[in-house]
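Here is what each chain is made of, one letter per residue.
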Amino acid sequence: MLAQAEDTRRPLLERVKFLAISASNLDEFFMKRVGLAKRRLAEGRGRPKQARDGYSAEDLLNAMRSHVVEFQTRQASIWMGQLQPALAEAGVRICVPEDLTESQRARLDHWFDVNVFPILTPLAVDPSHRFPFISNLSENFGVLVRPEAGGPRTFARVKIPGVVRRFIPLTEAAGGEVGDTSGPCSFVTLEDLIARNLDRLFPGMQIEEITPFRITRSAAVAGEEDDDEDVLQAVEDELRRRRFARPVRLETRRDAPDGVLQFVTTQLSIEDADVYRREGPLEYEDLFELASIDRADLKTPDWEPVIPPALKHLAPIDPDAPDAVPPGESIFDRIRDADILVHHPYESFDHSVERFIQEAAADPEVLAIKQTIYRTTPDSPFVRSLVHAAERGKNVACLVELRARFDEQRNVSFARQLEHAGVHVAYGVTGLKTHCKCSLVVRRETTDGVAGIRAYAHLGTGNYHPKTAQLYTDVGLLTADPEITSDVVRIFNTLTGNASGQDYEKLLVAPERMRPGFIELIDREIEHARAGRPAHVVAKMNQLEDEAVIEKLYEASRAGVVCRLFVRGFCTMRPGVEGLSENIEVRSIVGRFLEHSRVFCFGSGVDPAEEPERATYYIGSADWMERNLSDRVEAAVPVESPVARRKLWRTFDTMIRDRRNAWRLGPSGEWSPVEADLDAPEGSPERDGTFMALMAEAEAGRR
């Protein structure tokens, strides 16, 4: 992510956005990974699952700090040395009050009086006032003050409010049109504006020291496993514990004086190794606000997803009557004709997956709807549709995964809303997270004059989340294949009825059958290679870490199987090592959209580049990670339509040819960018990368 912020080929505000994303990722890293390492250190457990890597928890924390210091130094250099000067040259200036005229400062101070001053709450610490609670990821000022008449100095904390915009346009402060940022504009940060007026919060006091600081708290207050009988109550208890979890990081400016820091670190029991003094903004995520200003000339043009070809010309859902059945052919008619593979965000999520559930809720012939929800939006159309279906008397069941990290509170609210509407809500299998993305619709139909029921299913790689469906690349399969839909019925029986020992016809379902199923598919490629036939494994995922799968891939490489792996995040295997993994190549595609889909291709005795429709393909919700394959309910579905298989291979082929967004993992574990081919045709992956090539293909389909 940080490399994207450095990439001068990207539009300027896109680079600003990537810098903010890098900081958001780092925050999550501290809450999850550093928090977990500290918990293990406190418990004296070291790293029992990965002890053979030679790292104790203490060693790991020291190594983490070294990398983080280097990373934050690079962030500051990009912001102060590259992006901020480039923004100023483009007419977007970040000013400090001292740079402004007297009249501009006066107008800013008046804006502060009206919009900020009433919200601020200074909290002093003295014999009658305890040290205040410092919330996670909050920005604060620590202040040391002394009475002007003399006396001991005391500490006070002022929280920078989260309800006020962080970049104040001077046009707004001057009484101009609120939020007008369409042309050249200047901003002052809320932090600087509050610092300028802090003395007004402490009349009769002399401010001796001001230190901005930011606290990160651990989110690893409990293990991933959970054997509580009442999962809902357990998650609510964990959320309360997490709010008061121990701090794992304090950030402040490099030149921050010691007085405030010593007081804060003592009160919060923060060790010196957890204090990060650095240059740059205290909160890089504030830059998301800056990246959203109205400057189309500094951004990548918006992408409008195309309607999947198989779903074109369906009557649109009336926005004034969203609960009515559209006239003419239904989405179920199209699915019954043939399986439909959808690829988001190139193809529309709302015209496919959202419509599937919305139309099912309105259709009087639909008898039952079942769906899993891991993450979704606060105003989720899926929740609305499930509620509407239940109110119409349909049998509606929903598996809500309450333990989806950082979405727990939202999912608790969804669960209660659904239960209140009469939806049968389940929380999954004890001890396992439910991560599979699947929906089932059971519909009453008449075929050849015989009345009966037919099931339809959607299985995908991404969440039922309309917002991330515009930002993440994911694939999904809409199908009426009776063997697949019967397997989905069995999954829901497991999730809602706590059944075990299910047999599945086509799906690979974790934790029982997914790892053995993938290993068996790799073994088949090893047999093809040893028999002299083409042998290929081409796979795309977010992370690769499962030891059993990695060892099997090493065996495949030694047997001569060509393994092309696209791993967007971390990867614990080493490709290209002589005698071990010469036939394995690992790449990561990073760019405009977050690569999130999990797609697995096995050659089955052919070269998929030459005969893509004869290869074996699966799509699913799981990465090849131990937690996914052992500790979660996951599902991977075979893609059997020749049209869909060719579509999946076109995506792989585009990624293989990518010379713009691709990074290559070397034998030493270091990533290096793959250089673009500037002589290649415009719009090709060799020159412009995966995203532009796939958008161009989708746009051609639209035309």
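Preceding this section is the structure that the text describes.
Figured I'd write up the structure that's included with this text. (Residues numbered from 1 in each chain as written. Predicted model: local features only at pLDDT ≥ 70, side-chain atom pairs only at ≥ 80, totals over all residues. Heavy atoms only, no water.)

It is worth spelling out the overall build of the protein chain at this point. On a plain count of helices and strands, the protein chain comes out with 19 helices and 27 strands. Compactness check: the protein chain gives a C-alpha radius of gyration of 28 Å against a globular reference of 27 Å for 703 residues, within 12% of the reference. With respect to the three principal axes, the spread of C-alpha positions in the protein chain is 95 × 65 × 55 Å. Across the 703 residues of the protein chain, 54% fall into the buried class. Contacts in the protein chain between residues far apart in sequence, at least 24 positions, make up 73% of those at least 6 positions apart. Entry remark: accessible area of the protein chain is about 30400 Å², with carbon and sulfur atoms responsible for 48%. (Helix = DSSP H or I, 4+ residues; strand = E, 2+ residues; numbered from the N terminus. Rg over C-alpha atoms; globule rule 2.2 N^0.38 Å. Buried < 20%, exposed > 50% of the residue type's maximum accessible area, 1.4 Å probe, protein only. Contact = heavy atoms within 4.5 Å. Areas by Shrake-Rupley, 256 points an atom, 1.4 Å probe, with all protein chains shown as cover.)

Okay, the environment of glutamate 279 next. Checked against the element boundaries, glutamate 279 lands in the loop between strand S9 (275–278) and helix H9 (287–291). A C-alpha to C-alpha distance of 8.4 Å links glutamate 279 and serine 77, two positions 202 residues apart in sequence. With residues up to four places along the chain from it excluded, the contact list for glutamate 279 reads Ala76, Met80, Arg254 and Tyr284.

This next bit is on the packing of aromatic side chains. The tally for this structure, following the rule as stated, stands at 20 aromatic pairs. Here a set of aromatic residues connected by ring pairs shows up, and it is made of Phe518, Phe600, Phe602, Tyr618 and Trp624. Seen from the ring of tyrosine 276, arginine 65 lies directly overhead, with NZ or CZ sitting 4.5 Å from the centre. Lying across the ring of phenylalanine 30, arginine 249 places its NZ or CZ 4.2 Å from the centre. (Phe/Tyr/Trp six-rings, centres within 6.5 Å; stacked < 30°, edge-to-face > 60°. Lys NZ or Arg CZ within 6 Å of the ring centre and 35° of its normal.)

On to the sheet that holds strand S1 (residues 92–95), then. The sheet built from three strands is open, its strands ordered S1-S6-S5 with mixed pairing. Lying at the two open borders of the sheet, with one neighbouring strand each, are S1 and strand S5 (167–169). Direction aside, neighbouring strands of the sheet carry axes that sit 35° apart on average. Across three bridges, S5 lies against strand S6 (residues 185–189) in antiparallel orientation. If you follow proline 169 over to S6, its bridge partner there is phenylalanine 187. (Pairing = 2+ DSSP bridges. Axes fitted to C-alpha atoms, helices over the stretch in contact; angles between N-to-C directions.)

Now for helix H19 (residues 685–702). The terminal C-alpha atoms of H19, which comprises 18 residues, lie only 20 Å apart, well short of the 26 Å expected from a rise of 1.5 Å per residue. For H19, the principal kink sits at phenylalanine 691 and spans about 75°. Of all the residues in H19, the buried ones are Pro685, Glu686, Asp688, Gly689, Thr690, Phe691, Ala693, Leu694, Met695 and Ala698. Those residues of H19 that are buried are in contact with strand S10 (340–344), strand S17 (472–479), strand S21 (584–589), strand S22 (594–595) and helix H18 (642–657). (Expected span 1.5 Å × (residues − 1). Bend = angle between axes of the 7 residues up to and from the residue.)

The next thing to look at is the pattern of salt bridges. Two side chains bearing opposite charge may form a pair once their charged atoms approach each other closely. Under the definition given, this model contains 55 salt bridges. A salt bridge links glutamate 585 to arginine 564, with the nearest nitrogen and oxygen atoms 3.2 Å apart. With a gap of 21 residues between them, glutamate 585 in strand S21 and arginine 564 in strand S20 (residues 562–567) connect regions that are remote in the sequence. Of the residues examined, glutamate 585 reaches a relative accessible area of 23% and is grouped as partly exposed. On the basis of relative accessibility, which here comes to 30%, the residue arginine 564 falls in the partly exposed class. Across the pair aspartate 653 and arginine 657 runs a salt bridge whose closest N-O atoms are separated by 3.4 Å. Of this pair, aspartate 653 and arginine 657 both sit in helix H18, four residues apart, which is roughly one turn of that helix. Using a relative accessible area of 27% as the deciding quantity, one classes aspartate 653 as partly exposed. By sharing partners, the salt bridges in this structure join Asp27, Arg214, Arg249, Glu251, Arg278 and Glu283 into a single network. (Salt bridge = Lys/Arg side-chain N within 4 Å of Asp/Glu carboxyl O.)

Any link to function would need more than the numbers given here.
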